[in-house]
Amino acid sequence: MRMDAESRALEVARDFAALLRAASFDETVEFFAPPLLAAVPAEALRLAWAAEAAGHGGVRAVEEPVIEAGEAGLMRVRTPVTCANGRFTVVASVGDDGLLHGLRLDPHSDAEWQPPHYADEDRFTERDVTLGTGPLAVPGTLSLPAGPGPWPAVVLLSGGGAFDRDESSGPNKPLKDLAWGLATRRVAVLRFDKATFAHPDRLPSDFTMADEYLPSALAAVRLLRQQPEVAPDRIHLLGHSMGGKVAPRIAAADPSVAGLVLLAADTQPMHEAAVRVARYLAELAPGRARTSGCRRSYGRPRWWPGRNSPLTHRHICCPWGSPLPTGSTCVPTTRWPRQPDWSARC
């Protein structure tokens, strides 16, 4: 049964990649599941593909797809694309329905994560843990310094999107870097897969940012308090990006939290941040296609990111050609009281 599913996913990936190379983007998006199609129209995919191909000197060949471990209920398929100057990879999550439920273009296809120079694996141990109960319980990793302790501790909170416990992005694993570095320096660390990564097929339609973070983070704090190697009055939260935005809310729900560390935490409403990021990315590679794509996306908006709206959980490609987790949620503009002239900002 699994072999049949793998064969079907590989066939879908081959056909999808062939249409990409042929620039048949209207046909390509027919492979998208409805949520992905709503987020990534044909023009957005065209801009993303064109930007990645141009950045690598043009496409020379599309190689055979390869199956790798994916999210529950999905087959993750990687299709390498050889270019004049290196290569990139089309990473697609194919469902049992034969449709794509996730898509990203990975520019770091050949790179692998390497332990940071400041980490010493002989100075800590790691073990797997489970946070929470029920269908949305998530797996995590507890890193404990060698010795009896009790040590200070920190719970790591990844940014917006369907991130694993390491906040993996290409070859980068920033939360794993932090965990190993802190554990080397005698700080216990607990990091976990987000529910949007571990259980994308189990999320209710009204799943919010608070639902995504609070249950797992509060369970992580409780688990740390139960460890004899951890000082229960020295447990902290460290949040990156959206994780930094939600960290104060988690601390308010558990007064035992000793302190917060906020890394690049959101300091403005999501709908404003989305426009700022779009404009910045467009200015990195100025040109008619990217600028017009930015204006098309934000000049007369149909959808806007919501601060407290339900979170979706797959990877998509932004209209300006860069990957963005769909944890940057979209909601109808009719739910926003103000709709400024976004095109002027792009």
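Look up: the structure comes first, before these words.
Residues numbered from 1 in each chain as written. Predicted model: local features only at pLDDT ≥ 70, side-chain atom pairs only at ≥ 80, totals over all residues. Heavy atoms only, no water.

Details of the overall build of the protein chain
And step 1. In terms of regular secondary structure, the protein chain is built from ten helices and 15 strands.
And step 2. Each of the 346 residues in the protein chain was classed as buried or not, and the buried ones make up 50%.
And step 3. Considering only intrachain contacts with a sequence separation of at least 6, the fraction spanning at least 24 residues in the protein chain is 65%. (Helix = DSSP H or I, 4+ residues; strand = E, 2+ residues; numbered from the N terminus. Buried < 20%, exposed > 50% of the residue type's maximum accessible area, 1.4 Å probe, protein only. Contact = heavy atoms within 4.5 Å.)

Brief notes about the nonpolar core
When a protein is soluble and globular, its nonpolar side chains tend to lie buried together.
And step 1. L131, L157, L190, L237 and I250 are the most contacted members of the largest nonpolar core, which has 36 residues in total.
And step 2. The contact partners of L131, leaving out residues within four places of it in the chain, are A137, V138, L190, F192, S216, A219, A220 and L223. (Core = buried A, V, L, I, M, F, W, Y, C linked by side-chain atoms within 4.5 Å.)

Remarks on the side chain of R191
And step 1. Structurally, R191 can be placed in strand β9 (residues 188-192).
And step 2. At 3.1 Å, the side chain of R191 forms a polar contact with the side chain of E126.
And step 3. A polar side-chain atom of R191 sits 2.8 Å from a polar atom in the side chain of D166.
And step 4. Setting aside residues up to four positions removed in sequence, R191 forms contacts with E126, G140, T141, S143, L156, R165, D166, L175, K176, A179 and W180. (Polar contact = N/O pair within 3.5 Å; in protein donor to acceptor, adjacent residues only side chain to side chain.)

Points about the environment of A231
And step 1. Residue position: A231 is located in strand β10 (residues 230-240).
And step 2. A sequence separation of 82 residues divides A231 from G149, and the C-alpha atoms of the two residues are 7.7 Å apart.
And step 3. The contacts of A231, once residues within four sequence positions are left out, are P150 and W151.

What to know about the pattern of salt bridges
Any two side chains of opposite charge can pair, so long as their charged atoms come close to each other.
And step 1. The tally for this structure, following the rule as stated, stands at twelve salt bridges.
And step 2. Ionic pairing is found between R14 and E64, a salt bridge with its closest N-O pair at 2.9 Å. Of the two residues, R14 sits in helix α1 (residues 2-21) while E64 sits in the loop between β1 (59-62) and β2 (66-68), which places them 50 residues apart along the sequence.
And step 3. The class of E64 is partly exposed, set by a relative accessible area of 49%.
And step 4. Put simply, D106 and R104 hold a salt bridge, and the shortest N to O gap is 3.8 Å. (Salt bridge = Lys/Arg side-chain N within 4 Å of Asp/Glu carboxyl O.)

Comments concerning the packing of aromatic side chains
The way to describe two aromatic rings as a pair is by their centre distance and the angle between their planes.
And step 1. Applying the stated rule across the entire model yields five aromatic pairs.
And step 2. Aromatic side chains F16 and F32 sit 6.0 Å apart centroid to centroid with 45° between the ring planes, which places their arrangement in the tilted category. Of this pair, F16 sits in helix α1 while F32 sits in the loop between α2 (25-28) and α3 (34-39), and the two are 16 residues apart along the sequence. As far as the burial class goes, F16 and F32 line up, both buried.
And step 3. One aromatic cluster is present, built from ring pairs that chain together F16, F31 and F32.
And step 4. When the ring centre of W113 is taken as reference, the NZ or CZ atom of K176 above it lies at 4.3 Å. (Phe/Tyr/Trp six-rings, centres within 6.5 Å; stacked < 30°, edge-to-face > 60°. Lys NZ or Arg CZ within 6 Å of the ring centre and 35° of its normal.)

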